[in-house]
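Summary of the model geometry
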Amino acid sequence: MMLRRVLENLFSKPATRPFPRTAREPVDGYRGAVEFNRENCVFCGACALRCPSKAIEVDRPSKTLKFDLFKCIQCACCAEACKRGCVQLRSVYHAPVFEKPEFEFSGAPVLAPDGGQTSE
Ligand code: SF4
Ligand code: SF4
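Residues numbered from 1 in each chain as written. Chains lettered and ligands numbered in written order. Predicted model: local features only at pLDDT ≥ 70, side-chain atom pairs only at ≥ 80, totals over all residues.

**A few points about the overall build of the protein chain**
Counting its secondary structure elements, the protein chain contains three helices and seven strands. Listing every helix and strand of the protein chain by position from the N terminus yields α-β-α-β-β-α-β-β-β-β. Excluding contacts between residues fewer than 6 apart, the proportion of contacts in the protein chain whose partners are at least 24 apart in sequence is 63%. (Helix = DSSP H or I, 4+ residues; strand = E, 2+ residues; numbered from the N terminus. Contact = placed C-beta atoms within 7 Å.)

**Observations concerning the site of ligand 1**
Within the structure, ligand 1 sits among 15 residues, and Cys-41, Cys-44, Cys-47, Cys-82 and Cys-86 are positioned closest to it. When the residues that make up the shell around ligand 1 are grouped by side-chain class, the tally is 13 nonpolar, one polar and one charged. (Near = placed C-beta within 6 Å. Nonpolar A, V, L, I, M, F, W, Y, C, P; charged D, E, K, R; others polar.)

**Considerations on the sheet that holds strand β5 (residues 103–106)**
Here three strands make up an open sheet; going across it, the order is β2-β3-β5 and the pairing antiparallel. In this open sheet, the two strands that pair with only one neighbour each are β2 (56–59) and β5. Within the sheet, the average angular offset between the axes of one strand and its neighbour, ignoring direction, is 10°. The pairing of β2 with strand β3 (residues 64–67) spans four bridges and is antiparallel. Residue pairing for β3: Asp-59 is matched across the bridge by Thr-64. (Pairing = 2+ DSSP bridges. Axes fitted to C-alpha atoms, helices over the stretch in contact; angles between N-to-C directions.)

**Observations concerning the site of ligand 2**
Around ligand 2 there are 13 residues in total, and Cys-51, Cys-72, Cys-75, Cys-77 and Cys-78 lie nearest to it. Its residues assigned to classes, the shell around ligand 2 comprises ten nonpolar, two polar and one charged.

**Digging into the pairing of β3**
Only one face of β3 is covered, namely the face carrying Leu-65 and Phe-67; the face carrying Thr-64 and Lys-66 is uncovered. A loop of four residues connects β2 with β3, the two strands running antiparallel in sequence, and Lys-63 in this loop sits at a positive phi of about 50°. Where β3 meets β5, four bridges bridge the pair, whose relative direction is antiparallel. In the sheet register, Phe-67 faces β5, and the bridge partner there is Phe-103. (Buried ≥ 20, exposed ≤ 12 C-beta atoms within 10 Å, placed from the backbone.)

**Here we look at the nonpolar core**
Cys-47, Ile-56, Cys-78 and Val-87 are the most contacted members of the largest nonpolar core, which totals 13 residues. Beyond its immediate stretch of four places on either side in the chain, Val-87 contacts Val-34, Phe-36, Cys-47, Cys-78, Ala-79 and Cys-82. (Core = buried A, V, L, I, M, F, W, Y, C linked by C-beta atoms within 7 Å.)

**What about the confidence of the model for the protein chain?**
Averaged over the protein chain, the pLDDT score is 85; the fraction of residues at 70 or greater is 89%. Note that residues 108–120 has pLDDT below 50 and, in this model, 14 contacts with residues that lie over four places away or in other chains. (pLDDT = per-residue confidence, 0-100.)

**Re the environment of Val-58**
Among the structural elements, Val-58 can be located in strand β2. On a C-alpha basis, the gap between Val-58 and Ala-48 in space is 6.5 Å, while along the polypeptide they are ten residues apart. The residues contacting Val-58, other than those within four sequence positions of it, are Phe-43, Gly-45, Ala-48 and Leu-65.

Dropping the structure here:
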């Protein structure tokens, strides 16, 4: 019995997947990567106020939004709170990271007099 189990384990495929080389298809409604649409953000702070894990920080005077991926629990409260539709949770898995990623943006681009984009 024992020998049979050992041989089965030796020659059967592993039950786990070697992520990220092989990723399972996300199930319907999976809440994955948080994405911000920085062009429409007015730095109102509603997303940060609703975030239960304090993963978002908004500084209104300097028009800066910071997002901490390691604190985020993918609850989607920020997406529900943002009335401008600037936050979305995409149905994808995060690739593993080895260092704490820093995500921050500030001051939505404004149109220059010649119609091109410039930053404030
Ligand atoms: S992402 Fe939405 S809720 Fe958050 S600061 Fe920008 S506009 Fe406000
Ligand atoms: S998904 Fe939830 S935990 Fe992550 S930033 Fe949005 S509100 Fe915070």
